[in-house]
Structure formats: C-alpha cells, structure tokens
Amino acid sequence: MKSFRKQSRKTAFLFGVLTILLVINGFSQEIGDCEQALGRCMLANIRQLPNFVQFYNGVAYCAIGYVFCLKYLDK
Amino acid sequence: MLLRKRVFPLFWLIMIIPFFLYSERKEDNDWHLEEILSIGSLEDDTLFQWVGVAVDREQNIYVTDTLDYSLKKFDAKGKLTKKTGRKGQGPGEFLAPRYIDHTEISIYVSDQYNPKIQVFDKNLNYTHSVSIPMPVSDFSVLPEEEIAVATLSTTKSGRIYIFNSTGKIQREIRYTNEKLPLLMDMVNFELDSQGSLYLVYNYQDRIEKFSPEGKKLWSKKLLGVKKVQKEKIASLVVPSKLIYKDIALDNSGNIFILGGSFSKNPSRDVYILNPEGDLLNTITLPDTSHCIYIDAQDYLYSRANEGVTLKKFKMKY
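Every chain begins its residue count from 1, and numbering advances along the sequence as written. Chains and ligands are labelled sequentially in the order written, the chains with letters from A and the ligands with numbers from 1. Given that this is a predicted model, residues contribute local features only at a pLDDT of at least 70 and side-chain atom pairs are listed and counted only at 80 or more, while totals for whole chains, interfaces and linings are drawn from all residues. Only hydrogens and water are set aside when side-chain values are computed; all heavy atoms of the structure are taken into account.

Draft legend 1. Fine view of the overall build of chain A. Helix and strand content of chain A: three helices and zero strands. Along chain A, helices and strands appear, N-terminal first, in the series α-α-α. Whether two residues touch is decided by their heavy atoms; if any such pair falls within 4.5 Å, the residues are in contact. Considering only contacts within chain A whose residues lie at least 6 apart along the sequence, 42% involve residues at least 24 apart. Total accessible area computed for chain A in this model is approximately 4,700 Å², and 64% of it derives from carbon and sulfur atoms. Here a strand is any run of E in DSSP of at least two residues, a helix any run of H or I of at least four, and the numbering for each starts at the N terminus. All accessible-area figures derive from a Shrake-Rupley calculation using a 1.4 Å probe, and residue coverage is judged against the displayed protein chains alone.

Printed below as a string of structure tokens:
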C-alpha cells in the first residue's frame with residue numbers, strides 16, 4: 001500500500017515536470033499577443049495539477065480566452 | 001433573306017438578355033450601410049474597449065466595456081445614462097465582462113473569468129446571478145428565462161447547453177457527433193423566434209441550421225476554406241486564424257455572418273444569407289469588428305477604432 005502511494009506520487013510529480021517542460025517549450029516559440037496570453041494562461045493553469053478536472057477546465061478557459069483575443073485583435 | 005430576318009432579332013435578343021439580367025442582379029446587390037450613430041471616440045472616455053452589445057425595444061443600447069469592468073447604458077441618441085460595475089467577483093462586479101443578451105425586463109451579462117451570468121434590471125441594478133460552471137463562448141436568453149450556452153469542453157465536444165434560471169442543465173443540443181480537435185467545434189449561434197438554431201463555426205467553413213427539434217436542416221460553406229493553419233502554443237495545438245467571427249439574424253430571418261481572416265476584407269465582410277442558406281449579398285463594414293449585432297428594428301451595430309467606438313447603421317437595400 002505504502003509503495004503504491006509512493007509510486008503514484010512519483011508519477012504525479014513526473015507528469016507535472018513533463019507538463020511544465022512542454023509548456024515552457026511551447027511558450028518560448030510564441031510571437032503574437034494572443035499566443036503570449038495563451039502561454040501565460042497555461043503556465044498559470046499548471047497550479048491546478050494534480051487536480052486534473054480543474055486543470056482541463058482551466059485549459060478550456062485559456063482556450064476560450066485565446067479565441068476571444070483572436071476575434072478582438074486579429075484583422 | 002428570311003434567315004437574316006429571323007437570326008438578327010434572335011442575335012440581339014441573346015445579346016440584350018444578359019445585360020438585363022446583370023442590371024437586375026446589380027440592383028439586388030445594392031445593399032449598403034448608412035451610419036446613423038457613433039458612440040465613443042479616440043478623444044473621449046465614453047468607451048475604452050467594448051465587447052458585447054444589446055439593444056432594447058426603446059432603442060436603449062447596453063454595452064460591456066472590458067477595460068473599465070463595466071456595463072453601460074446609452075439612450076437612443078447615444079447619451080450615457082447609466083454605468084455599473086467595477087473589478088471583482090462579487091455581485092455586480094466583473095473580471096472580464098463579455099457578451100450581453102436581454103429580455104423585456106432584464107439584461108444578462110457573461111464574464112470570461114467568472115463562472116456565472118449576472119442579471120441586471122434595465123436601470124442596471126444587479127438582481128441575481130445564474131451559475132454556469134463552464135466557460136461561456138456565446139449565449140442567448142430563451143423564453144422562461146432559460147439560457148442557451150455555447151462552451152468549450154475538453155471532453156464533450158459540439159454541444160450547446162440549456163440552463164434553467166437556477167443554473168441547472170435542462171437539456172443539450174448536440175450539433176456535431178464528430179470528435180474534433182481542440183477549438184474546432186467552437187461556434188457562435190443565434191436562435192430565431194420559432195426556436196430554429198443557426199450556427200457558424202469559428203474555425204471551419206461551415207454554417208448550419210437546425211430545426212427546433214434539433215434536426216440539421218442544411219449546412220453551407222461560403223469561402224471554400226479547407227483547412228486552417230495550426231500552431232503549437234504552450235503544449236496546445238490550436239488553430240491560428242478565424243474563418244467566421246459572429247452571426248446575427250434580422251427580422252426577415254436573413255442570416256448575417258461576419259467573416260474573419262479568410263474574407264476578402266478581413267473582419268469587415270458580412271455575408272447575408274436567406275433562411276434557406278443561399279448567399280444573397282456581402283456588405284463591407286467601414287472598420288474591422290469582432291462582432292455584429294442586429295436590433296429589433298434591423299439596425300446593425302459594429303465596432304470602430306479597435307473597440308473605442310460603437311457604430312450603428314441603417315441597412316439599405
């Protein structure tokens with residue numbers, strides 16, 4: 001039981017690190033205002049982990065914000 | 001000789017018919033906009049960055065202004081008569097006020113970062129909130145105070161949810177069964193007085209009409225865009241150009257669609273379709289806009305000066 005808990009904690013930690021790396025990797029390639037805002041929103045959203053329900057809800061909020069930004073700024 | 005007598009008139013007839021057809025078509029195409037009101041300018045502080053607009057029967061204009069966290073009311077002449085709201089998450093406060101709809105007695109306002117739709121009376125006094133536990137990308141108030149909400153779900157795509165006045169989901173309209181990548185099911189929608197649903201995809205060249213029972217009646221493409229370019233941002237793969245930005249209906253049931261980056265005049269071209277989905281015309285807004293709105297008297301509203309100005313137009317055809 002103890003080793004299972006240890007294992008799942010380890011997995012959650014690794015997943016968190018992986019997500020941060022992926023986010024930073026994507027973030028560094030951005031150019032436009034909306035892309036930057038989406039990157040920042042996703043970085044802030046990582047705080048929701050390991051609560052995956054909240055995390056995916058946060059992804060939806062970030063993505064809708066990105067669409068709104070494109071609608072407003074894109075010509 | 002006889003042949004000449006018969007062939008010549010026929011020849012002229014063939015030459016003349018296209019001319020008449022063309023002039024008739026040209027007359028049909030002669031839709032244009034006449035500006036009749038402009039609210040806010042670069043020289044004043046009336047509007048900072050307006051987002052949503054709604055107009056009541058008395059021609060009062062309600063506008064959300066996202067930069068000063070407010071809801072504003074203007075009279076028919078464009079004079080500011082009331083303003084409410086400040087930054088916050090409490091009753092009557094906003095973090096990012098977005099879209100507006102109205103009934104005979106109430107004004108409904110969504111907020112990008114608050115999971116609720118706030119309700120105000122027509123004097124902009126806060127009355128109550130309806131909890132919406134999902135991000136709202138578009139909404140419409142139905143009879144019986146139900147609210148139809150378009151959202152984005154990372155698990156269930158292609159649905160519009162109908163909430164009752166206490167914030168419980170009553171039913172859902174499934175507009176696509178396809179499993180689509182992130183954002184590819186994003187839509188703006190309108191419901192007519194019979195309950196028919198019209199929707200336009202933001203990232204697909206697709207405009208659709210559904211019966212009140214949820215049966216798809218038609219699906220149209222206007223621009224021939226097959227694929228939208230995607231970008232990888234912060235581990236998300238997202239489309240980077242909008243095909244359509246907004247949809248509105250006039251009182252004759254015509255459908256007005258604001259085009260995005262793929263239009264001849266990006267964010268300015270408005271395609272007009274009849275209720276059967278046939279393209280009637282295209283009008284071009286004088287300035288780029290994020291949305292269009294048509295009131296009960298068929299006046300069209302759009303943006304100018306990047307959100308500092310709201311324009312009201314009379315449509316002439």
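The structure having been displayed, the exposition proceeds.
Draft legend 2. Here's a closer look at unusual backbone geometry. Here the amide bond leading from A:Leu49 into A:Pro50 is cis, since omega sits at 10 degrees, within 30 degrees of zero. Topologically, A:Pro50 is positioned in the loop between helix H2 (33–45) and helix H3 (52–73). At B:Glu144, a residue that is not glycine, the phi angle is positive and equals roughly 65 degrees. Note on placement: B:Glu144 falls in the loop between strand S10 (136–141) and strand S11 (147–151). Burial classes: relative accessible area under 20% of the type maximum marks a residue as buried, over 50% as exposed, and values in between as partly exposed (1.4 Å probe, protein chains only). Judged by relative accessible area, which is 75%, B:Glu144 ranks as exposed. A positive phi is found at B:Asn305, a non-glycine position, where the angle reads about 50 degrees. Tracing the sequence through the fold places B:Asn305 in the loop between strand S25 (299–304) and strand S26 (309–316). Here B:Asn305 falls in the partly exposed class, since its relative accessible area comes to 32%.

Draft legend 3. Local environment of the interface of chain B and chain A. If you look at the interface, chain B gives 40 residues, while chain A gives 27 residues. Summed over both partners, the accessible area lost on bringing two parts together, with a 1.4 Å probe, is the buried area. Summed over both sides, the interface of chain B with chain A buries roughly 3,000 Å², with 63% coming from carbon and sulfur. Two N or O atoms count as a polar contact when they lie within 3.5 Å, although within protein this holds only if one can serve as hydrogen donor and the other as acceptor, and sequence-adjacent residues are included solely when both atoms are side-chain atoms. In this structure, the connection of chain B to chain A is made through five residue pairs in polar contact (both at pLDDT 80 or more). Those elements that place two or more of their residues in the side of chain B that touches chain A are strand S2 (50–55), strand S6 (97–102), S10, strand S18 (230–233) and strand S19 (236–239) of chain B. In terms of residue class, the side of chain B that touches chain A is made up of 18 nonpolar, 15 polar and seven charged. Basically, the charged four are Asp, Glu, Lys and Arg, the nonpolar ten are Ala, Val, Leu, Ile, Met, Phe, Trp, Tyr, Cys and Pro, and anything else, Gly included, counts as polar.

Draft legend 4. Representation of the sheet that holds strand S14 (residues 187–191) of chain B in the model. All names here are of chain B. If you trace the four strands from one edge of the open sheet to the other, you get S14-S15-S16-S17, paired in antiparallel fashion. Strand pairing shows two members of the sheet lacking a second neighbour, S14 and strand S17 (216–220), which therefore form its edges. Here the average twist between neighbouring strands, direction ignored, is 15 degrees. Following DSSP output, two strands are said to pair if at least two bridges run between them. Relative to strand S15 (residues 197–201), S14 runs antiparallel, the two being bridged by five bridges. The convention used is that axes are lines fitted to C-alpha atoms, helices contributing only their stretch in contact, and that angles between N-to-C directions extend from 0 to 180 degrees.

Draft legend 5. Inspection of the sheet that holds strand S21 (residues 255–259) of chain B at higher detail. Residues and elements named next belong to chain B. Across the sheet, which stays open at both edges, the four strands sit in the order S20-S21-S22-S23 with antiparallel pairing between neighbours. Across the chains shown, the open sheet's two edge strands, defined by having one partner strand only, are strand S20 (244–249) and strand S23 (279–284). Strand after strand, the sheet turns through a mean of 20 degrees between neighbouring axes, direction not considered. Judged from the five bridges that link them, S20 and S21 form a sheet pairing that is antiparallel. For isoleucine 247, the partnering residue across the bridge sits in S21 and is isoleucine 257.

Draft legend 6. Focus on the packing of aromatic side chains. Pairing of aromatic side chains requires ring centres within 6.5 Å, counting the rings of Phe and Tyr and the six-membered ring of Trp. Pairs whose planes differ by under 30 degrees are stacked, by over 60 edge-to-face, and all others tilted. Evaluation of the coordinates by the stated rule reveals eight aromatic pairs over all chains. Plain terms: the ring middles of A:Phe68 and A:Tyr72 are 5.6 Å apart, the flat faces sit at 45 degrees to each other, and that makes the pair tilted. You can see A:Phe68 and its partner A:Tyr72 sitting in helix H3, four residues apart, about one turn around the helix. Accessibility expressed as a relative area gives 11% for A:Phe68, which makes it buried. The interplanar angle of 15 degrees and the centroid separation of 4.0 Å between the aromatic rings of B:Trp31 and B:Tyr317 together place this pair among those described as stacked. Highlighted residues: B:Trp31 in the loop between helix H1 (2–28) and strand S1 (32–39) and B:Tyr317 in the segment after S26, separated in sequence by 286 residues.

Draft legend 7. Region of the structure containing the packing of H2(A) against H3(A). Residue and element names in this part refer to chain A. Put simply, H2 and H3 touch, their axes get as near as 9 Å, and they point 165 degrees apart. In this view, H2 runs roughly antiparallel relative to H3, as classed from their interaxial angle. Viewed along their axes, H2 and H3 form a crossing whose handedness is right-handed. Between H2, through Asp33, Cys34, Glu35, Leu38, Cys41, Met42 and Asn45, and H3, the contact on the second element is made entirely by Gln54, Phe55, Gly58, Val59, Cys62, Ala63, Tyr66, Cys69, Leu70 and Leu73. Partitioned by chemical class, the residues of the contact of H2 with H3 number twelve nonpolar, three polar and two charged. Orientation is classified from the angle alone, with under 35 degrees giving roughly parallel, over 145 giving roughly antiparallel, 65 to 115 giving roughly perpendicular, and any other angle giving oblique. Each helix crossing is assigned a hand: it is left-handed if the near helix lies turned anticlockwise from the far helix by less than a right angle, otherwise right-handed if that turn is clockwise.

Draft legend 8. Main features of the pattern of salt bridges. Residues and elements named next belong to chain B. Think of a salt bridge as a Lys or Arg side-chain nitrogen and an Asp or Glu carboxyl oxygen that are within 4 Å of each other. The full count for this structure, using the stated rule, is 14 salt bridges over all chains. A salt bridge links lysine 122 to aspartate 56; its shortest N-O distance comes to 3.7 Å. In this pair, lysine 122 sits in the loop between strand S8 (114–121) and strand S9 (126–131) while aspartate 56 sits in the loop between S2 and strand S3 (61–65), placing the two residues 66 residues apart along the sequence. Residue classification places aspartate 56 among the buried positions, given a relative accessible area of 2%. Glutamate 146 is the salt-bridge partner of arginine 171, the closest N and O atoms lying 3.3 Å from each other. Here the residue arginine 171 occupies a position in strand S13 (residues 169–174), and glutamate 146 occupies one in the loop between S10 and S11, the gap between them amounting to 25 residues. Overall, the relative accessible area of 43% leaves arginine 171 in the partly exposed class. Its relative accessible area of 15% is what places glutamate 146 among the buried residues.

Draft legend 9. View of the nonpolar core. Core analysis: the largest hydrophobic core is formed by 40 residues, its most contacted members being A:Leu38, A:Met42, A:Tyr66, B:Leu183, B:Tyr203, B:Ile255 and B:Ile257. Contributions of two or more residues to this core are made by H2 and H3 of chain A together with S15, S19, S20, S21 and strand S22 (269–273) of chain B. Residue contributions to this core peak at ten residues, all from H3(A). Look past the residues within four positions of A:Tyr66 in its chain and what remains in contact with it is A:Cys34, A:Glu35, A:Leu38, B:Leu183, B:Tyr203, B:Ile233, B:Val238, B:Pro239 and B:Ser240. Residues enter a nonpolar core if they are buried and are Ala, Val, Leu, Ile, Met, Phe, Trp, Tyr or Cys, with the set joined through side-chain atoms within 4.5 Å. In this structure, B:Val53, B:Val63, B:Tyr299 and B:Leu310 belong to the second largest nonpolar core, which totals 23 residues.

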